[in-house]
Structures are given as C-alpha cells and as structure tokens.
Amino acid sequence: MQRAAPQEFDRVLSSMCTRPHPAARKAAERFFATNPGDPATYQAVAALEEDALSYLGDITGLSAPHGYVTSGGTEANIQAIRAARNHARDDDPNVVAPESIHFSFQKAADVLDVELRIVPVDDDYRANVAAVREAVDERTVLVAGVAGTTEFGRVDPIPELTAVAHDAGALMHVDAAWGGFVLPFTDHEWSFAHAPVDSMTIDPHKYGQAVVPAGGLLFRDKSVVDSLAVDTPYLESASQASLTGTRSGAGVASAAAAMRELWPDGYRDVYERQQANADWLYDELRARGYDAVEPELPLVAASVPDGQFESLRDLGWRISRTASGELRIVCMPHVSRESLRAFLSDLDDLRSGPARN
Ligand SMILES: *Cc1c(COP(=O)(O)O)cnc(C)c1O
C-alpha cells in the first residue's frame with residue numbers, strides 16, 4: 001500500500017493555513033512529546049509558551065499580556081466568551097457581534113448557552129456601529145469585532161466598538177485570528193494599542209506560519225483570565241485556564257520559533273508580497289469583467305459563475321466561496337504570483353472554451 005501524502009500547496013488558494021516556516025517545523029518535531037497543559041512537569045515548553053505570549057503581546061500592542069497558546073481561533077473565541085460571562089456573573093448573558101463574525105461564535109454560544117446577537121454589516125462588510133449600539137443592553141457581557149474577516153478581509157471599527165462595549169459595561173473582544181500577523185504593517189486601528197480592547201484572538205497557525213495547532217488568546221486584565229481557572233488536583237501545577245487539558249507542545253514550540261524568526265521583518269516581507277499579489281489579482285479579475293471586492297488585506301473575493309468555479313475545482317484548484325457565493329482567494333505565504341498566473345490562465349481557457357452553463 002502506498003503511504004498517504006499530504007496535499008501540495010501549489011493549488012491551495014482559499015485556505016487560511018499555510019506551509020509552516022522551517023524553524024517552526026523543526027521546533028515542532030523537537031517538542032511534540034511535551035504537554036504545556038502541565039507546565040510544572042514540562043517546564044521547557046512552558047518557558048517557550050511565555051516567549052510566545054510575549055511575542056504575541058509585541059505584535060498586538062500589549063506590554064504585559066495574559067493568556068495562552070490555544071488549539072486555534074475556535075478555542076480562543078469560546079474562551080473569550082466564557083471569560084466575559086464568568087467575569088460578569090450574569091445568569092442570562094448575551095454577546096453582540098456583526099454578521100461577519102466567524103462561525104466559531106455559533107459554537108461558543110451553543111456550548112456556553114449564551115445568547116448571540118448578530119447585527120448587520122455596512123455596505124463595505126464592516127460592523128455597523130449604530131446597529132451594535134442598538135443591540136447591547138445591561139446583560140451584554142461581550143462585544144466582538146473582527147480584524148480581518150474570514151470572507152472579505154475587512155477590519156471592523158474597533159475603537160468605536162470598544163467605546164460602545166464599555167458604555168454598556170461589557171468587555172470588548174477582537175478576533176484577529178487570521179489578520180493579526182499582517183495588520184501591524186497597515187494603517188488599520190485594530191490592536192490593544194489603538195483602543196482599550198479587553199481580549200484578542202490571534203492564530204500563529206494561520207499567517208504566523210506555525211504548525212497546526214497553534215492559536216492565541218490574549219487578555220489585558222489578569223482578573224478576566226483568572227475567571228477561567230479551575231483547580232487541577234492530579235497535575236503538578238495547581239490550576240488551569242485553558243479549555244483543553246493536554247495540549248500540543250509542538251504547536252507552542254513552533255509558534256515561539258516562528259515568531260522569533262519572523263517578527264517583525266519576515267512577517268512584513270510576507271505582508272508586502274501578498275498584499276501586492278492580492279492587488280494584482282484584483283486588477284486582473286476586474287480587467288476580465290469580474291465583479292471583485294477591493295482587497296484591504298491579502299484576500300480577494302470575486303463573483304465567478306458557478307460553471308467556471310466548478311471547472312476550476314475539477315482542475316485541482318482548492319478554492320472556496322463566501323456565504324453569498326463569491327470565490328475567495330486568500331493570499332497566504334505559500335501563494336506565489338506564478339501560481340496566480342496559472343490560475344488566471346485556466347480561467348481564461350474556460351472563458352474562451354465551451355461554456356458549462
Ligand atoms: C480561522 C478563524 C477562526 C477559527 O480559527 P481556527 O483556528 O480554525 O479554530 C476564527 N476567527 C477568524 C476570523 C478566523 O479567520
């Protein structure tokens with residue numbers, strides 16, 4: 001029997017994950033038999049988690065970050081809501097978020113039994129601040145905004161949303177799972193430095209070029225993360241704030257290694273190259289008459305007819321769509337101009353050949 005091989009990355013155009021940096025891969029291999037969930041026993045990886053946290057603080061503008069390396073953005077978002085709920089001690093809490101919020105919020109609301117109030121976005125796919133203000137009330141424990149939306153790469157008005165949250169007595173969470181490693185090189189106001197944001201999700205296993213699983217959850221205030229802690233009788237360490245128990249030392253070590261290697265210059269180079277790729281692809285699609293959404297971050301969405309979309313998938317392009325049907329191309333670090341040219345060339349062949357529908 002042939003050994004299974006993972007996919008090549010040449011034709012992967014819609015994933016939010018990427019090829020890990022060689023330093024991240026090496027660190028993952030060295031540390032895979034460790035458990036950062038038990039830091040008193042596995043002290044070396046626990047020290048690396050402190051390093052990772054401190055890099056994440058530098059990247060997001062927080063000088064004394066509290067938090068940990070999660071299994072991904074989903075766990076980080078669940079935990080941000082759980083922390084806000086525990087902190088507020090409300091027995092009928094709600095969370096207010098724009099419709100562009102990641103589907104992990106649906107899971108979080110379900111497992112935590114918290115009401116999720118979804119409000120509309122504006123014409124440019126950003127949270128509508130007035131709608132958020134209208135939706136919050138005295139039982140709102142958290143307002144969430146997205147810095148780099150999954151579908152269109154948009155950044156919500158974080159300072160304005162933070163003011164609305166705090167006026168309502170709620171905490172403010174920013175989901176920068178995907179955007180967190182490119183936003184430092186833009187003019188967007190998204191971080192702990194731009195507003196008194198309370199918590200943030202930022203995933204090293206996406207643009208951070210760490211191996212999966214490596215997400216990140218950061219808090220400004222220690223008392224909020226402390227509201228997550230439970231006692232841990234059988235471990236050497238006395239309490240635990242993470243959702244999972246045993247955790248991936250490979251993820252933690254690789255996150256620390258990737259950030260040591262790439263922050264800030266390596267990440268800046270990738271951002272500049274991929275933003276240029278996204279801008280180029282947007283122009284090329286528009287020149288062919290496609291309705292495309294201008295890329296604010298390295299992500300291009302465009303309306304492509306179903307027949308063409310399906311034919312591209314048949315040709316091996318790994319592509320997906322937004323809920324409203326647009327093709328989305330995510331310019332992750334592995335996406336090259338050459339591969340985008342090959343993609344457009346296949347699209348051109350489909351356009352000139354016999355139509356499928
Ligand atoms: C990817 C993503 C998530 C979920 O992260 P996982 O690591 O897949 O669990 C949450 N929010 C946003 C904005 C994302 O892009």
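Residues numbered from 1 in each chain as written. Predicted model: local features only at pLDDT ≥ 70, side-chain atom pairs only at ≥ 80, totals over all residues. Heavy atoms only, no water.

## Re the site of the ligand
Thought 1: Lining the immediate environment of the ligand, one finds 14 residues, of which G73, T74, D175, H205 and K206 sit closest.
Thought 2: Side-chain polar atom of D203 to an oxygen atom of the ligand: 3.0 Å apart, as the coordinates give it.
Thought 3: Summarising the interface, the protein chains cover 86% of the accessible area of the ligand, which totals 380 Å² for the free molecule.
Thought 4: With three residues, helix α3 (residues 73–88) is the single largest residue contributor to the shell around the ligand.
Thought 5: Taken together, the residues that form the shell around the ligand break down as three nonpolar, eight polar and three charged. (Near = heavy atom within 4 Å. Polar contact = N/O pair within 3.5 Å; in protein donor to acceptor, adjacent residues only side chain to side chain. Areas by Shrake-Rupley, 256 points an atom, 1.4 Å probe, with all protein chains shown as cover. Helix = DSSP H or I, 4+ residues; strand = E, 2+ residues; numbered from the N terminus. Nonpolar A, V, L, I, M, F, W, Y, C, P; charged D, E, K, R; others polar.)

## Some points on helix α1 (residues 22–31)
Thought 1: For α1, the complete set of buried residues consists of A24, A27, A28 and F31. For α1, the angular spread of the buried residues around the axis is 105°, confining them to a single face. Residues of α1 that are exposed and angled more than 90 degrees away from the buried face: P22, K26, E29 and R30.
Thought 2: Residues of α1 that are buried make contact with α2 (43–60) and α8 (249–262). (Buried < 20%, exposed > 50% of the residue type's maximum accessible area, 1.4 Å probe, protein only. Arc of directions from axis to C-beta. Contact = heavy atoms within 4.5 Å.)

## Considering the pairing of strand β13 (residues 327–330)
Looking down a regular strand, the side chains alternate between one sheet face and the other.
Thought 1: Across the two faces of β13 the burial is the same, with L327 and I329 and R328 and V330 all buried.
Thought 2: Inspection of the sheet shows strand β11 (residues 299–302) paired to β13 by four bridges, in the antiparallel sense. Note on β13: the bridge partner recorded for A302 is L327.
Thought 3: The loop that links strand β12 (residues 320–321) with its antiparallel partner β13 comprises five residues; one of these, G325, has a positive phi angle of about 100°. (Pairing = 2+ DSSP bridges.)

## Some details on the sheet that holds β11
Thought 1: Judged by pairing direction, the sheet is antiparallel, and its four strands sit side by side in the order β10-β11-β13-β12 without closing on themselves. Looking at strand neighbours, the two that pair on one side only are β10 (292–293) and β12, the edges of this open sheet.
Thought 2: Here helix α9 (residues 265–287) sits on the sheet in contact with β10, β11 and β13, set at roughly 15° to β11. (Axes fitted to C-alpha atoms, helices over the stretch in contact; angles between N-to-C directions.)

## Some thoughts on the sheet that holds strand β2 (residues 94–98)
Thought 1: Overall, mixed pairing links the seven strands, which are arranged β1-β7-β6-β5-β4-β2-β3 in an open sheet. In the strand order of this sheet, the two ends are held by β1 (66–70) and β3 (115–119), each with one partner. Ignoring strand direction, the axes of neighbouring strands in this sheet form an average angle of 20°.
Thought 2: Taken together, the three bridges between strand β5 (residues 171–175) and strand β6 (residues 199–201) define a ladder with parallel strand orientation. Residue pairing in the sheet places V174 in a bridge with M200 of β6.
Thought 3: With respect to the sheet, helix α6 (residues 158–167) is in contact with β4 (140–146) and β5, its orientation differing from that of β5 by roughly 150°.

## A look at the domain arrangement of the protein chain
Thought 1: Per the domain assignment, the segments of the protein chain are domain 1 (22–262) and domain 2 (265–350).
Thought 2: Spacing between the C-alpha centres of domain 1 and domain 2 amounts to 28 Å.
Thought 3: When domain 1 packs against domain 2, close to 2,000 Å² is buried across both sides, 63% of that on carbon and sulfur atoms.
Thought 4: Connecting domain 1 to domain 2 are one salt bridge.
Thought 5: Residue E296 pairs with R126 through a salt bridge whose shortest N-O separation is 2.2 Å.
Thought 6: Where domain 1 touches domain 2, the interface holds nine residue pairs in polar contact (both at pLDDT 80 or more). (Domains from an automatic or database assignment. Buried area = accessible area lost by both parts, 1.4 Å probe. Salt bridge = Lys/Arg side-chain N within 4 Å of Asp/Glu carboxyl O.)

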